[in-house]
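# Structural features, examined
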Amino acid sequence: TQLLEQSPQFLSIQEGENLTVYCNSSSVFSSLQWYRQEPGEGPVLLVTVVTGGEVKKLKRLTFQFGDARKDSSLHITAAQPGDTGLYLCAGLGPKNNNDMRFGAGTRLTVKP
Amino acid sequence: GAGVSQSPSNKVTEKGKDVELRCDPISGHTALYWYRQSLGQGLEFLIYFQGNSAPDKSGLPSDRFSAERTGGSVSTLTIQRTQQEDSAVYLCASSSYSRAVGDRRKYGYTFGSGTRLTVV
């Protein structure tokens, strides 16, 4: 059982379309991070959100942290083939230093 | 170095053999983590090193798994008597987070490219 549930598990869209992927949990997190992982590589940090309701924008990517700090969403506008990859969310628990929990990810494919 | 370096990138081993996986973190990063990534699963926490403190081994799945970090830098993950269920990508990450610095929430991880372990 995943502590962080990501949906959808797979998403295949055409270039230019918009999309939203979700990261949900029943637990409260002190912060939440989004990573993107390409085949054969390690995950690369995209953003960290720490405040409930926080919205961060990174070019065409918009990240939102839920008011209760239990969920997050990633919205991509006008997707491009270069956005293809595995998007992972990771939540940091309220206590110690090592309880960063990762979801199973959303595998996004953007077709040209 | 400029990034987190892991070796080997791929390892195929026979069931029952021991393997060693190496991680060279970013210079100056005091925090080092090992994760395991299986197909369709999220990253599974294995072990965490922070400076000279005793490591947090709470994620190691069995006593066949061990890890050490020499001189606060390079780390080695050892799997003894490998089993087929050990097949996965083993990822190492480092972070500049230090308890002395403060807010844990602001520190992300820099991952290596991983070691793909296949036990046959």
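Everything here concerns the structure above.
Residues numbered from 1 in each chain as written. Chains lettered and ligands numbered in written order. Predicted model: local features only at pLDDT ≥ 70, side-chain atom pairs only at ≥ 80, totals over all residues. Heavy atoms only, no water.

### A word on the interface of chain A and chain B
Applied cut-off: Contact criterion: two residues are considered in contact whenever any of their non-hydrogen atoms come within 4.5 Å of each other. The quantity reported as buried area is the accessible area (1.4 Å probe) lost by two parts once they are put together, taken as the sum for both. We call two N or O atoms a polar contact when they sit within 3.5 Å, provided that within protein one can donate a hydrogen and the other can accept it, with sequence-adjacent residues counted only if both atoms are side-chain atoms. Only DSSP runs of H or I covering at least 4 residues are called helices, and only runs of E covering at least 2 are called strands; the numbering of each starts at the N terminus. Residues are grouped as follows: Ala, Val, Leu, Ile, Met, Phe, Trp, Tyr, Cys and Pro are nonpolar; Asp, Glu, Lys and Arg are charged; every other residue, Gly included, is polar.
Taken together, the contact between chain A and chain B spans 23 residues of the former and 22 residues of the latter. Note on chain A versus chain B: buried area summed over both sides is about 1,800 Å², and carbon and sulfur give 50% of it. The interface formed by chain A and chain B contains 5 residue pairs in polar contact (both at pLDDT 80 or more). In terms of residue count, strand β4 (residues 31-37) of chain A provides more of the side of chain A that touches chain B than any other element does, 4 residues in total. Of the residues belonging to the side of chain A that touches chain B, the class tally is 10 nonpolar, 11 polar and 2 charged.

### Notes on the state of the cysteines
All names here are of chain A. Selection criterion: Two cysteine sulfurs form what is called a disulfide whenever their separation falls within 2.5 Å. Throughout this description, buried means an accessible area under 20% of the type-specific maximum (1.4 Å probe, protein chains only), exposed means over 50%, and partly exposed covers the range between.
Inspection of every chain in the model, using the stated rule, returns 2 disulfides over all chains. Between the sulfur of cysteine 23 and that of cysteine 89 lies a disulfide, 2.0 Å long from S to S. Linking cysteine 23 and cysteine 89, the disulfide has an S-S dihedral of approximately 75° and is accordingly described as right-handed. Highlighted residues: cysteine 23 in strand β3 (residues 19-24) and cysteine 89 in strand β9 (residues 85-92), separated in sequence by 66 residues. This pair shows no difference in class: cysteine 23 is buried, exactly as cysteine 89 is.

### Description of the packing of aromatic side chains
Operational definition: Pairing of aromatic side chains requires ring centres within 6.5 Å, counting the rings of Phe and Tyr and the six-membered ring of Trp. Pairs whose planes differ by under 30 degrees are stacked, by over 60 edge-to-face, and all others tilted.
For the coordinates displayed, the defined rule picks out 11 aromatic pairs over all chains. Ring plane angle 80° and centroid distance 5.2 Å describe the contact between phenylalanine 102 of chain A and tyrosine 35 of chain B, whose orientation is recorded as edge-to-face. Placement of phenylalanine 102 of chain A in strand β10 (residues 100-102) and of tyrosine 35 of chain B in strand β4 (residues 31-37) is noted, with the two residues assigned to different chains. Neither phenylalanine 102 of chain A nor tyrosine 35 of chain B differs from the other in exposure class; each is buried. Here a set of aromatic residues connected by ring pairs shows up, and it is made of Tyr35 and Phe102 of chain A together with Tyr33, Tyr35, Phe45, Tyr48, Tyr109 and Phe111 of chain B.

Everything listed here is a matter of coordinates, which is why it stays silent on function.
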